There are 2 protein chains.
Amino acid sequence: MRVAVPFDAVDPKTRLSPVLDPAERAAFARVLLDDVLGALTRAGLRPTVFATAALGDEVAADVVVDDRSLDPLVNGLLADGGPDGGPLRDDPLAVVMADLGLATPAAIERLFDATAADGRDADLGLAPGRGGGTNALVVRDGDFSVDFHGVSLRDHREIAEGAGLDVVEVDSMRLSTDVDEPADLVEVLLHGEGHAPEWLRDRGIRVAVADGRATVVRE
Amino acid sequence: MRVAVPFDAVDPKTRLSPVLDPAERAAFARVLLDDVLGALTRAGLRPTVFATAALGDEVAADVVVDDRSLDPLVNGLLADGGPDGGPLRDDPLAVVMADLGLATPAAIERLFDATAADGRDADLGLAPGRGGGTNALVVRDGDFSVDFHGVSLRDHREIAEGAGLDVVEVDSMRLSTDVDEPADLVEVLLHGEGHAPEWLRDRGIRVAVADGRATVVRE
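Residues numbered from 1 in each chain as written. Chains lettered and ligands numbered in written order. Predicted model: local features only at pLDDT ≥ 70, side-chain atom pairs only at ≥ 80, totals over all residues. Heavy atoms only, no water.

**Details of the interface of chain B and chain A**
Listed as interface residues are 32 residues of chain B and, on the opposing side, 32 residues of chain A. Counting each side, the surface lost to burial between chain B and chain A is near 2,600 Å², with a carbon and sulfur contribution of 51%. Across the chain B-chain A interface, the total number found is eight salt bridges. Here Asp-171 of chain B and Arg-110 of chain A are joined by a salt bridge, their closest N and O atoms 3.3 Å apart. Between the two partners, chain B and chain A, sit 20 residue pairs in polar contact (both at pLDDT 80 or more). Looking at the side of chain B that touches chain A, the elements that each hand over two or more residues are α3 (105-114), β5 (124-129), α4 (152-162), α5 (173-176) and α6 (182-191) of chain B. If one sorts the elements of the side of chain B that touches chain A by residue count, α6 of chain B sits on top with five residues. In terms of residue class, the side of chain B that touches chain A is made up of 10 nonpolar, eight polar and 14 charged. (Contact = heavy atoms within 4.5 Å. Buried area = accessible area lost by both parts, 1.4 Å probe. Salt bridge = Lys/Arg side-chain N within 4 Å of Asp/Glu carboxyl O. Polar contact = N/O pair within 3.5 Å; in protein donor to acceptor, adjacent residues only side chain to side chain. Helix = DSSP H or I, 4+ residues; strand = E, 2+ residues; numbered from the N terminus. Nonpolar A, V, L, I, M, F, W, Y, C, P; charged D, E, K, R; others polar.)

Quick look at the structure:
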């Protein structure tokens, strides 16, 4: 199983600007990446980071600098048969977003197990993200391609249907939570099991009671 | 297993006011309730609805009219040993919110299975909701009590810890999604498996592409 983790190293996490300044957003994006890599590694996987710019040498994974945007990058990896080559049927390609701040080895294993249920490998496994996103996928068929713009989960279902692929979707709150907006930090603070919750707390970011769902404040 | 579904029959779903008028909100709350009851029933459970006012006789479950608010209601059920009486250890009480528009029998079974993992029944099973909520719980110990105000998931963890209870939390996007705000309708439209998606589509509510996560528009 080849696992690609795309990472935007240039001005990441702009929607967190209400609570984090640019240097903090860059640092926090790296903390989230490290947490995702840690969860993948503890799940027995060996991820490769595809970063849009050099990251320094302290990353606990192989790093490939590739300035393509997400769709051409992933579709290129699919066309190549993945980062190490080879046909997808025998050696599937997984793509996991770098900002899944609630990822755990168990949640990641559920995605991979779901695609291999009943002794038959599904052509495509999807981890839906909130708001119609796609937060992780496992591809075993070269007729699939990605389109992360718009309502990507719907697009990915349609692309798979058009290619006649079997699709499974994993029901995981952890994998559904990409960290883009201030409200997502509530989830990290309440459920994160990596370093991100402590990083946020060290900067005074706290869960606050709101009228409906909880939100965050910075002290 | 006794299963209580509390239902606010008086002016429900006020945070959906931007897209639904009061009569529509009342009708949609009933559609969500019916979907939840359907999922519970297909999971082999026999839910009892605790409604704050009479619902008419077309509900596919036993209905008890009880005008208590959520905390006194659930804590009363816990003190009683549940709607049919009996000690919680032998006959646990489950509480499932009536607005889990993505609930499926499989997701519900995961909650119950999680509390019985490794052959040992956990004292408390929780299904976290987004934004710090608690969307479903299974209680096997009378030392637990609920507090749904504020960040209820954190409060429930603390109450359980104070009572020395074993807690498991189920990792389910479906159970984490209560339907309170217009953005939640995106999840219903994309993932709902009951009647709620069709109800919304019949009223012109569609998923729309936004800058970040998808949103809804009404045509």
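**A word on the pattern of salt bridges**
Pairs can form between side chains of opposite charge whenever their charged atoms are close. Residues and elements named next belong to chain B. A complete count under the given rule lists 42 salt bridges over all chains for this structure. For Arg-15, the salt bridge identified is with Glu-181, shortest N-O distance 2.6 Å. With Arg-15 in the loop between β1 (2-7) and α1 (22-42) and Glu-181 in the loop between α5 and α6, the pair connects residues that are 166 residues apart, well separated along the chain. Given the relative accessible area of 28%, Glu-181 is considered partly exposed. Measuring nitrogen to oxygen at the nearest pair gives 2.7 Å for the salt bridge that ties Glu-24 to Arg-218. Residue Glu-24 is found in helix α1, and its partner Arg-218 is found in strand β9 (residues 215-218); the two are separated by 194 residues along the sequence. Classification of Glu-24 by relative accessible area gives buried; the value is 16%. (Buried < 20%, exposed > 50% of the residue type's maximum accessible area, 1.4 Å probe, protein only.)

**Let's talk about the packing of aromatic side chains**
Applying the stated criterion to the full structure yields two aromatic pairs over all chains. Over the face of the ring belonging to Trp-199 of chain A we find Arg-203 of chain A, whose NZ or CZ atom lies 3.9 Å from the ring centre. (Phe/Tyr/Trp six-rings, centres within 6.5 Å; stacked < 30°, edge-to-face > 60°. Lys NZ or Arg CZ within 6 Å of the ring centre and 35° of its normal.)

**Examining the relation of the copies chain B and chain A**
When chain B is fitted to chain A, the residual RMSD is 0.0 Å, and the transformation amounts to a turn of 180° plus an axial shift of 0.0 Å. What the rotation and shift describe, once combined, is the action of a two-fold rotation axis. Among all residues of chain B, the minimum C-alpha distance to the rotation axis is found for Met-173 of chain B, at 1.9 Å. Of all interface residues in chain B, 100% are interface residues in chain A too; the two copies therefore contact each other through one and the same surface. (Least-squares fit on C-alpha atoms with pLDDT ≥ 70 in both.)

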